[in-house]
Amino acid sequence: MTVTTSSFVRIVEVGPRDGLQNISQWISTDTKLDLIYRLECCGLRAIELTSIVSHRAVPQMADATKLLQDVHVQKMLAKSSVRLPVLVPNLRGFEIARAHGVKEIAVFISATEGFSQANLNCSCDEAVGRAREVVAQARQLGIAVRGYVSCIFEDPYDGPTEPSSVLGRVRELLDMGCYEVSLGDTLGTGNPTAVRVLLRYLQYHGISMTSIAGHFHDTYNQALANAWAAYECGVRTLDSSVGGLGGCPFVPHARGNLATETLVASFENAGIATGINKEALEGTAAWVRDLLRKG
Ligand SMILES: CC(C)(COP(=O)([O-])OP(=O)([O-])OC[C@H]1O[C@@H](n2cnc3c(N)ncnc32)[C@H](O)[C@@H]1OP(=O)([O-])[O-])[C@@H](O)C(=O)NCCC(=O)NCCSC(=O)C[C@@](C)(O)CC(=O)[O-]
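What you see is a predicted model; the values in this text were computed from it and never measured.

Help me understand the overall build of the protein chain in this model?
From N to C terminus, the protein chain includes 12 helices and 9 strands. Taking 2.2 N^0.38 as the reference for a compact globule, 295 residues should give roughly 19 Å; the C-alpha atoms of the protein chain span a radius of gyration of 17 Å, in line with that estimate. Considering only C-alpha atoms, the protein chain reaches an extent of 45 × 45 × 35 Å along its principal axes. Of the roughly 12100 Å² of accessible surface on the protein chain, a fraction of 50% belongs to carbon and sulfur atoms.

What's the story with the UniProt feature "domain: Pyruvate carboxyltransferase" (unreviewed entry) in the protein chain in this structure? I'm lost.
Here, UniProt's "domain: Pyruvate carboxyltransferase" (unreviewed entry) annotation points to residues 9-282. Between the end C-alpha atoms of residues 9-282 the distance is 18 Å, and the span holds 44% helix and 14% strand.

Honestly, the site of the ligand in this entry has me stumped. Any pointers?
The environment of the ligand is formed by 26 residues, the closest being Arg-56, Arg-92, Asn-119, Ser-150 and Thr-186. Interatomic distance of 2.4 Å between a side-chain N/O atom of Arg-92 and an oxygen atom of the ligand. At 2.7 Å from a nitrogen atom of the ligand is found a side-chain nitrogen or oxygen belonging to Asn-119. Summarising the interface, the protein chains cover 77% of the accessible area of the ligand, which totals 1100 Å² for the free molecule.

Just to check I follow, could you spell out the nonpolar core for this structure?
Where a protein is soluble and globular, its nonpolar side chains tend to be buried together. Counting residues in each nonpolar core, the largest one holds 97 residues, and the members touching the most others are Leu-49, Ile-105, Val-107, Leu-183, Leu-199, Ile-212 and Leu-238. Ignoring anything within four residues of it in the chain, the contact list for Leu-199 reads Leu-183, Met-209, Ile-212, Ala-230, Cys-233 and Val-235.

Any chance you could explain the packing of aromatic side chains here in plain terms?
The relative placement of two aromatic rings is captured by the distance of their centres and the angle of their planes. Using the criterion set out here, one finds 3 aromatic pairs in the structure. Consider the rings of Trp-228 and Phe-267, whose centres lie 3.9 Å apart with planes at 10°: the pair is stacked. In this pair, Trp-228 sits in helix 10 (residues 223-232) while Phe-267 sits in helix 11 (residues 260-269), placing the two residues 39 residues apart along the sequence. The pair Trp-228 / Phe-267 is uniform in exposure class, with both members buried. Aromatic pair Tyr-231 and Phe-267: ring centres 5.4 Å apart, planes at 80°, arrangement edge-to-face. Remark: Phe-267 occurs in helix 11 and Tyr-231 occurs in helix 10; sequence separation between them is 36 residues. On the accessibility criterion, Tyr-231 (3% relative accessible area) is buried. Here a set of aromatic residues connected by ring pairs shows up, and it is made of Trp-228, Tyr-231 and Phe-267. Between the NZ or CZ atom of Lys-32 and the centre of the ring of Trp-26, over which it lies, the distance is 3.9 Å. Over the ring of Tyr-148 we find Arg-146, and its NZ or CZ is 5.5 Å from the ring centre.

I would appreciate a short explanation of the pattern of salt bridges in the present structure.
If the charged atoms of two oppositely charged side chains come close together, the side chains can form a pair. All told, the structure shown has 15 salt bridges when counted by the stated rule. Ionic pairing is found between Arg-146 and Asp-239, a salt bridge with its closest N-O pair at 2.7 Å. Of this pair, Arg-146 sits in strand 4 (residues 144-150) while Asp-239 sits in strand 9 (residues 237-240), and the two are 93 residues apart along the sequence. The burial state of Arg-146 is the same as that of Asp-239; both residues are buried.

Rules of the game
Residues numbered from 1 in each chain as written. Predicted model: local features only at pLDDT ≥ 70, side-chain atom pairs only at ≥ 80, totals over all residues. Heavy atoms only, no water. Helix = DSSP H or I, 4+ residues; strand = E, 2+ residues; numbered from the N terminus. Rg over C-alpha atoms; globule rule 2.2 N^0.38 Å. Areas by Shrake-Rupley, 256 points an atom, 1.4 Å probe, with all protein chains shown as cover. UniProt positions renumbered as here; feature names shortened; annotations may be inferred. Near = heavy atom within 4 Å. Polar contact = N/O pair within 3.5 Å; in protein donor to acceptor, adjacent residues only side chain to side chain. Core = buried A, V, L, I, M, F, W, Y, C linked by side-chain atoms within 4.5 Å. Buried < 20%, exposed > 50% of the residue type's maximum accessible area, 1.4 Å probe, protein only. Contact = heavy atoms within 4.5 Å. Phe/Tyr/Trp six-rings, centres within 6.5 Å; stacked < 30°, edge-to-face > 60°. Lys NZ or Arg CZ within 6 Å of the ring centre and 35° of its normal. Salt bridge = Lys/Arg side-chain N within 4 Å of Asp/Glu carboxyl O.

Rendered as structure tokens:
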């Protein structure tokens with residue numbers, strides 16, 4: 001692979017949503033807003049703000065509406081310089097997002113049944129149906145939609161995932177109008193070989209890597225290597241979370257995402273631009289670690 005200084009990778013920061021959603025201690029709305037503001041100041045230009053989901057399922061996201069009403073968030077939403085997706089599982093979540101001026105949402109499905117039931121309380125096909133309704137309405141209103149497919153390598157309840165299941169779900173999301181599909185190694189059991197095999201399989205079946213993002217959890221310290229494997233296969237969008245926060249409440253022993261500061265340092269050191277201020281990001285990561293230590 002030839003790496004030139006004109007190479008670029010786009011980072012989608014998922015810290016305020018995926019990063020925080022599995023933390024049991026309550027994090028105040030002000031602290032969440034502070035995190036979002038700091039991330040923006042680091043130069044991140046795609047920040048997943050929150051999710052509008054059941055407060056019983058994910059208590060940490062219960063203040064999504066309050067967060068979206070914040071004056072600074074409203075100003076950020078009014079500008080077009082930062083993409084600020086909000087995760088929604090159904091039309092109800094979409095309606096709330098829309099009413100608060102959200103210009104981008106993310107819908108999420110699983111490649112596997114066990115996780116779909118645990119996460120969304122419905123089958124994969126039902127989840128696709130809900131996503132389709134949401135995407136149709138969003139598209140009519142000019143709201144951009146990102147899609148996620150979870151459990152690309154393994155499901156915590158069903159075991160290994162068939163690549164054909166991933167392909168089918170990716171196609172469905174793209175066909176319904178998602179501009180990009182983020183592939184979630186939800187358990188973090190992937191490795192660079194598995195990433196290459198899956199991405200080549202998707203490419204072989206006509207999926208363009210320009211419409212794919214990588215979302216790697218770091219359970220076995222493979223997330224950075226997996227990000228590189230994805231990059232080598234042509235993926236130019238990678239999800240990560242400052243401080244390596246993250247995990248899904250419906251994955252037993254879930255571990256964090258690839259840390260944004262690790263991703264940025266590794267790619268910048270290899271001459272691949274991220275547009276992010278490394279020093280400011282390190283400062284924010286230290287702030288996050290301090291915050292969680294204090295509890
Ligand atoms: C999808 C449901 C709601 C279905 O839940 P359900 O029980 O099938 O649906 P329901 O319609 O019967 O609603 C249950 C309760 O949720 C409420 N409700 C219903 N919809 C909403 C909404 N939009 N916003 C707020 N509240 C809502 C509804 O009002 C009701 O409230 P209650 O009567 O219990 O007080 C539920 O299963 C849920 O919220 N699940 C949360 C899933 C979640 O957030 N998971 C974590 C994110 S996914 C992830 O982390 C993976 C990813 C994306 O990062 C990629 C990767 O790593 O793989």
